[in-house]
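So the chains spell out like this:
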Amino acid sequence: MSITNEQLEKLKSAVATRVPYISGVVPLLPQSTTLFFGRGGTTGPRQLNLRNPEDAQVQLLAKLCEPATFGRNQEDLLDETYRKAGKMDVENFAMSIDLGQLQIPEKIGSELLVHGRPFRWELYKLNVYGPGSFFKAHKDTPRSEAMFGSLVLVLPISHKGGELLLRTKEEVWTYDSGATLAQQNEPSIGYVAFFGDIEHEVLPVESGHRITLTYNLFFAQAPEPLAQSVASVVHPFETTLAGLMKDPGFLPDGGLIGWGLKYEYPVSIASRRKGEVVESVSKNLKGEDELVARISASLHLEAEIKVYIDLKELWRDGYAEFDDDTCVDGLGLLMRHIPSFDSIGDEGVYHYLRSVYGYDEVLRANESARSRLEANDSDDDMDDESGEMTVTPQTGGRKRPEVWWLSEPTHVCAEVPIVSYGNEAQLDFIYSRFCLIIDIPPYATRKNREA
Ligand SMILES: O=C(O)CCC(=O)C(=O)O
Ligand SMILES: [Fe+2]
């Protein structure tokens, strides 16, 4: 074995989990006390004094809102069993609010993102969730490849219920704006910023009005390698990985470390349909994904974003025919393109992908799983014998590469989903899953590099 369980565990635990959101509360500044609103046909702008909100004005604002729709593919749907809330577009309201002065961008940059990654925000909508309003589970519709999340400001109008739940397979987080605002001694604004590919929902408001301003968040430019000079403290993952690289007992002949990206990333549907290599993902990584990538770069390791194709999943989706023996858990392919399986014949997934995307493009990962198949090997292994198959630039000349996964790789969906629920109707971008493959050079090379 070229990597011990202990080494792998040490690396895994050094990544440490981060949460996909931040929340807090800031006092309402004197210049932000008034929300102006109005909509075609109404007489002049109305005002809501946020320091001393009058119920009649809150009711009027609620009345002037349009019913909030949500997106299902390109359709804007009004379905009050899915989303019941009022919305006002940006041209119909105004409020002087300086996020910078409230230090909200600073918090997003340092607590949600990794080390002050530059980003920008765009005001998107005002929403009024009155009694009985809610928004069922959805992901925020990506409006570009650089969009990473949403920021919701909750204005100081009292309400109960309307908690925002954020949910992954492992965990649920609750942000209760009503309770938070009720605890403040002065009128305050609650905020929550989260990664938009994390499923979330707004529970029904029990009483009062939950009035929100929603912003879309976008990365502004590509990140720099995470240099020590930028980070105030060296991250444990960097210390651990750097330490292992100096250890002759760690992957002595080199190897591939895999990180199944924790988050999903927007991909343009056009490029997905064309089966293009997705270039944008590496520039827009979030949370732990960004951390692992930036630390690898700072240690001068080559790390590539790839798509993982889990053969068992593909078989389940009906794209491949397998007999029971071939369908081994954990056997997968890695490639840079998001493949299309539309014209797959009966030649087998691996051969099909190589013929369409190129010989060197498709890498068979997790060969240890495969070795269990040795007895049943098909004609694939003829290629192995000649060495032509697995000796590609991507494997650094290694045969039968094995990927040591720090986190489970997630299968890329074989097809563009027919139905996707979001908070906006559009279908230019969809979320996709990827992994990061870090190439660890052999010990001799690592040692020479250091010298
Ligand atoms: O109001 C919130 O907390 C979240 C709203 C939301 O998910 C959306 O508008 O997409
Ligand atoms: Fe949302």
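Note that the coordinates shown come from a computational prediction; the quantities given were computed from them, not determined experimentally.

(A) Main features of the overall build of the chain. Along the chain, the regular secondary structure elements total 12 helices and 28 strands. The proportion of buried residues among the 451 residues of the chain is 54%. Within the chain, contacts between residues at least 6 apart in sequence are counted, and of these 81% link residues at least 24 apart.

(B) Spotlight on the coordination of the iron ion (ligand 2). Around the iron ion (ligand 2), the protein contributes the donor atoms His 138 (NE2), Asp 140 (OD) and His 200 (NE2), which lie 2.0 to 2.1 Å from the metal centre. Here the donor residues of the iron ion (ligand 2) share one chain and are spaced in sequence as H-x1-D-x59-H. A residue pair is termed long-range when its members are at least 10 positions apart, and Asp 140 in the loop between strand 11 (134–138) and strand 12 (147–154) and His 200 in strand 17 (residues 199–202) qualify at 60 residues. In terms of burial, Asp 140 and His 200 fall into one category: buried.

(C) Inspection of helix 2 (residues 55–64) at higher detail. Listing the buried residues of helix 2 in full gives Val 58, Leu 60, Leu 61 and Leu 64. Within helix 2, the buried residues cover an arc of 160° as seen down the axis, which keeps them to one side. Counted as exposed and oriented over 90 degrees from the buried face of helix 2: Asp 55, Ala 56 and Lys 63.

(D) Inspection of the side chain of Asp 197 at higher detail. Tracing the backbone through its elements, the reader meets Asp 197 in the loop between strand 16 (188–195) and strand 17. In terms of polar contacts, Asp 197 uses its side chain to reach the backbone amide nitrogen of Glu 264, at 2.7 Å. Each residue touching Asp 197, except ones within four places of it in the same chain, is listed here: Lys 139, Tyr 263, Glu 264, Lys 286 and Tyr 431.

Reading guide: rules and limits
Residues numbered from 1 in each chain as written. Chains lettered and ligands numbered in written order. Predicted model: local features only at pLDDT ≥ 70, side-chain atom pairs only at ≥ 80, totals over all residues. Heavy atoms only, no water. Helix = DSSP H or I, 4+ residues; strand = E, 2+ residues; numbered from the N terminus. Buried < 20%, exposed > 50% of the residue type's maximum accessible area, 1.4 Å probe, protein only. Contact = heavy atoms within 4.5 Å. Donors = N, O, S within 2.8 Å, 3.2 Å for Na, K, Ca; no water. Arc of directions from axis to C-beta. Polar contact = N/O pair within 3.5 Å; in protein donor to acceptor, adjacent residues only side chain to side chain.

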